[in-house]
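Breakdown of the fold
Given next are the chains, with one letter for each unit.
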Amino acid sequence: MTALVIADTIGGRVSEASNDAVACGTLLSGADNTVLCPLPPGADAAGLEQGAKSILARNPAFAGYAPEMVGDLAAAQAEASGARYLVIPNSTLGMDICGRLSKALDFPVVANVIGVDVEAGRLFSEAYNGKLVAQIALPDRAILLVNGGAFAQQGAGPGDDTAEIAVAGENASFVSISEPKMTDVDIKAVPILLSIGRGVATKANLDQLQRLAHMLGAELSASRPVVDAGLVEKARQVGKSGETVQPELYIALGISGAPEHLQGMKNARTIVAINSDPGAPIFGVADIGVTADGMEVVEALLEGLGA
Amino acid sequence: MKIVVFARIVPDITDELDISQDGTGIDREWIGATLNEYCDYAIEQALVLKERTGGHVTVMTHDANGDDKILKTSIARGADAAVKVSLGLNEEEGIGAFDLAKSVADAVRALTPDLVLTGVQGPEDLFGTFAPYLAAELAMPVLNVVTAISVEGRQALVSQEHAGGRVTERRVALPIVAGIQMSERPPAFVSGTQLRAAMASAKVDAVDTSRIEAAPLAVAALEKPTRKSGVRFLDQDPGSAARQLIEALKDKGFLGAAS
């Protein structure tokens, strides 16, 4: 069962989720796992997990974002190697190339993959914003879009069997790449985070929430919808398109726990989840849970802490 | 410029979900249907583009609970036309992204769009999302996780978000399909008066076609996720829960000494 893993290398940097894809590919195929890593000339594959074999594919366009070129490369490599599984991070790149690859190779797509049981012939995917898990019979060929943070990783660079290939072509569409704005806030560096979600975060509530953070000795962080609503700066966003944090204490207040958010915080040492929905996925990673109205709990906490 | 927004109607998963009797789907009897949140942003972004650069916006959806209201509300928000593609679905039936793309592609193509917008993902997209499949059917490029889009002549300048908040910008020739992550402004509020007027007068064009059932994979079983063992649930009364939580945090050394 040959697997071909496509590493996600925006701006010439290997993404963390690429290693989840490598781990998934290894589970599927063991020694038949090849990792294809698009890189600009001179860049190394720092942080990329070992596959049984690695192919570093070079073109200056890979210093930016060139999904069409990566898709063409993946299709050619899949056909040449006879790969039965294409394993790609469930990222912007994965979404940009999977449709065309699926049609070209006649490979069905399985998204949000969080587990593989080859012996039982099963794939596991997150469904309904993480509220449920789906089991899917392992098909004989597929494109798997793998969720970040889902697979245990080994922490090694590309192995001994590494080849380099030159890729022809150029990417006329690329304009720029930008990093998140640096601010004084570094939520990765603080021991306690009070993280607010859609369930509690409004303009009217923000003062109270900031007061609670202060009383707890916490820095305020937030889920994506709260940042998108302009209530909190981007630097405080936890999740797939924000920061990945591992504080001593993470209090998730009014956050349902969509997979994109869990990816960014589930390895916190102690997790407290406060949500009025007892089925919220956040309780699946919590050490302490409270199923009650978030702002009523906030008011009671402020009173109890002497605010 | 002709913009088509395909707005998906999806199950409302705000509340707890029950698994269906056969164990392979969700029990839809007691949950409502709603406009997919990201498709709401797609509608709004189409209207932003129309205001800025002119053009014609058609909002399209398939037959589902609330279809007419969603389409007529789009007209009230500023869309120029609304189209319902009837696939013959019954009220409690869902349709996956793969089948939906194959089923509606002809209807979208018939409008000869320069730009097709849709939400970046929906809650039931286990087998891939809608935008990539629709783009493959239409033989158009697709750009996903779009956080900003503008049009100049026959080119779109598109910002896409990646892990860690990095953003890439690309300039691509139209026509394209874009999977919208967020719009430049929040979706507009439509007053009751505007909505009633739209429901009374807005016209929805109908396209009748058949559902194409071609999805090669299916769910074998659905289950609740495994919870971390040893989760301690506190009281449900907020006051009592707060007191218990403060004590627990003190015990763990996060607050002052335990009382």
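Everything that follows concerns the structure shown earlier in this document.
Below, the structure is looked at part by part. (Residues numbered from 1 in each chain as written. Chains lettered and ligands numbered in written order. Predicted model: local features only at pLDDT ≥ 70, side-chain atom pairs only at ≥ 80, totals over all residues. Heavy atoms only, no water.)

1. A look at the nonpolar core
Ranked by internal contacts, the top residues of the largest apolar core, which has 56 residues, are A:L86, A:L101, A:I143, B:V104, B:V108 and B:L134. If you tally residues by element for this core, the top one is helix α3 (residues 97-110) of chain B, at eight residues. In contact with A:L86, not counting residues within four places along its chain, are A:L4, A:A74, A:A78, A:L101, A:L105, A:F107, A:A142, A:I143 and A:L144. (Core = buried A, V, L, I, M, F, W, Y, C linked by side-chain atoms within 4.5 Å. Buried < 20%, exposed > 50% of the residue type's maximum accessible area, 1.4 Å probe, protein only. Helix = DSSP H or I, 4+ residues; strand = E, 2+ residues; numbered from the N terminus. Contact = heavy atoms within 4.5 Å.)

2. Describing empty space enclosed by the protein
A probe as big as a water molecule, rolled over the atoms, marks out the empty space that is left. Under the definition given, this model contains four cavities of 30 Å³ or more. Its boundaries defined by the atoms lining it, the largest cavity holds a volume of some 90 Å³. In terms of lining, the largest cavity is formed by A:D8, A:S15, A:A17, A:P89, A:N90, A:S91, A:V146, A:N147, A:G148, A:K240, A:Q263 and B:A163. One number sums up the size of the second largest cavity: a volume of about 80 Å³. Tallied by class, the residues present in the lining of the second largest cavity amount to nine nonpolar, two polar and no charged. (1 Å grid on protein atoms, 1.4 Å probe; cavity = no way out; pocket = protein on both sides within 12 Å on 5 of 7 lines; lining within 4 Å. Points joined across faces, edges and corners; volume = space filled by probe spheres on them. Nonpolar A, V, L, I, M, F, W, Y, C, P; charged D, E, K, R; others polar.)

3. Focus: the packing of helix α7 (residues 294-304) of chain A against helix α6 (residues 238-251) of chain B
Their axes nearest at 8 Å, the elements α7(A) and α6(B) cross at an angle of 50°. Taken together, the axes of α7(A) and α6(B) lie oblique to each other. As α7(A) runs across α6(B), the sense of the crossing is right-handed. Residues A:E296, A:V297, A:A300, A:L301 and A:G304 of α7(A) form the contact with α6(B), whose participating residues are B:P238, B:G239, B:A242, B:L245 and B:I246. Taken together, the residues that form the contact of α7(A) with α6(B) break down as seven nonpolar, two polar and one charged. (Axes fitted to C-alpha atoms, helices over the stretch in contact; angles between N-to-C directions. Parallel < 35°, antiparallel > 145°, perpendicular 65-115°, else oblique. Left-handed = near helix turned anticlockwise from the far one by under 90°.)

4. As for α3(B)
Residues and elements named next belong to chain B. Look at α3: 20 Å from first C-alpha to last across 14 residues, which is about the 20 Å you get at 1.5 Å a residue. Most pronounced at V104, the bend in α3 amounts to some 45°. Across the 14 residues of α3, ten count as buried, placing the element largely inside the fold. Looking only at α3, the buried set comprises A97, F98, D99, L100, A101, S103, V104, A105, A107 and V108. For α3, the elements touching its buried residues are β1 (2-6), β4 (56-62), β5 (81-86), β6 (115-119), α4 (130-138) and β11 (205-208). Following α3 by one or two positions, T112 adopts a phi angle in the positive range, close to 45°. (Expected span 1.5 Å × (residues − 1). Bend = angle between axes of the 7 residues up to and from the residue.)

5. Looking at the sheet that holds strand β7 (residues 142-152) of chain B
Spatially, β10(A)-β9(B)-β8(B)-β7(B)-β10(B)-β6(B)-β1(B)-β4(B)-β5(B)-β11(B) is the arrangement adopted by the ten strands of the open sheet, whose pairing is mixed. Only two strands of the sheet have a single partner each, and these edge strands are β10 (174-178) of chain A together with β11 of chain B. Each neighbouring strand pair of the sheet contributes to a mean axis angle of 30°, computed without reference to strand direction. Relative to strand β10 (residues 176-180) of chain B, β7(B) runs parallel, the two being bridged by three bridges. Residue pairing across strands places B:V142 opposite B:V177, the latter belonging to β10(B). The strands touched by α4(B) within the sheet are β1, β6, β7 and β10 of chain B, with β7(B) carrying the most contacts at an inclination of about 65°. (Pairing = 2+ DSSP bridges.)

6. A closer look at the sheet that holds strand β11 (residues 192-196) of chain A
The six strands lie next to each other as β12(A)-β11(A)-β13(A)-β14(A)-β15(A)-β13(B), forming an open sheet whose pairing is parallel. The sheet is open, and its two edges are formed by β12 (219-222) of chain A together with β13 (232-233) of chain B, each paired on a single side. Direction of pairing for strand β13 (residues 249-253) of chain A relative to strand β14 (residues 270-274) of chain A: parallel, over a ladder of five bridges. Across the sheet, the residue bridging to A:I251 is A:V272, located in β14(A). The sheet contacts of helix α4 (residues 206-216) of chain A involve β11, β12 and β13 of chain A, and relative to β11(A) the element is tilted by about 165°.

7. Structural notes on the side chain of B:S86
With respect to the helices and strands, B:S86 occurs in strand β5. The exposure class assigned to B:S86 is buried, which follows from its relative accessible area of 17%.

8. Considerations on the environment of B:L157
Residues and elements named next belong to chain B. By the secondary structure assignment, L157 is in strand β8 (residues 155-161). Among the residues examined, L157 registers a relative accessible area of 18% and is labelled buried. Taking the C-alpha atoms as reference points, L157 and P225, separated by 68 residues in sequence, lie 40 Å from one another.

9. Concerning the pairing of strand β3 (residues 53-58) of chain A
Residues and elements named next belong to chain A. β3 sits mainly inside the fold: five of its six residues count as buried. With six bridges joining them, strand β2 (residues 33-39) and β3 adopt parallel strand pairing. Across the sheet, the residue bridging to L36 is I55, located in β3.

10. Some remarks on unusual backbone geometry
Going from B:L174 to B:P175, the amide bond is cis rather than trans, its omega being 5°. Within the secondary structure layout, B:P175 lies in the loop between β9 (167-173) and β10. Even without being glycine, A:N129 reaches a positive phi, approximately 55°. Counting through the fold element by element, A:N129 comes out in the loop between β6 (122-127) and β7 (132-137). Phi at B:V145 takes a positive value of approximately 55°, unusual for a residue other than glycine.

11. What about the layout of surface pockets?
All names here are of chain B. When its volume is computed, the second largest pocket comes out at roughly 660 Å³. Looking at the second largest pocket, it is lined by 27 residues, and the ones nearest its centre are R28, G94, G96, F127 and V219. The dominant element in the lining of the second largest pocket, judged by the number of residues it contributes, is α3, at three residues. Class assignment for the residues of the lining of the second largest pocket results in twelve nonpolar, six polar and nine charged.

12. Here we look at a negative patch on the surface
On the surface, A:D293, A:E296, A:E299, B:D235 and B:D237 cluster together to form a negatively charged patch. When its relative accessible area of 43% is taken as the criterion, A:E296 is described as partly exposed. (Patch = residues over 30% accessible without salt bridge, like charges linked within 9 Å, V, L, I, M, F, W, Y side chains within 5 Å. Areas by Shrake-Rupley, 256 points an atom, 1.4 Å probe, with all protein chains shown as cover. Salt bridge = Lys/Arg side-chain N within 4 Å of Asp/Glu carboxyl O. Lys, Arg positive; Asp, Glu negative; His and termini not counted. Charge placed at Lys NZ, Arg CZ, Asp CG, Glu CD.)

13. Brief notes about the interface of chain B and chain A
Each side of the interface is counted separately: chain B has 75 residues, and chain A has 79 residues. Both sides together, the interface formed by chain B and chain A hides about 6300 Å², and carbon and sulfur atoms give 59% of it. Counting every contact that joins chain B to chain A gives six salt bridges. The shortest N-O distance in the salt bridge between A:K234 and B:E161 comes to 3.2 Å. Only α4, β7, β8, β9, β12 (221-223), β13 and α6 of chain B provide two or more residues apiece to the side of chain B that touches chain A. (Buried area = accessible area lost by both parts, 1.4 Å probe.)

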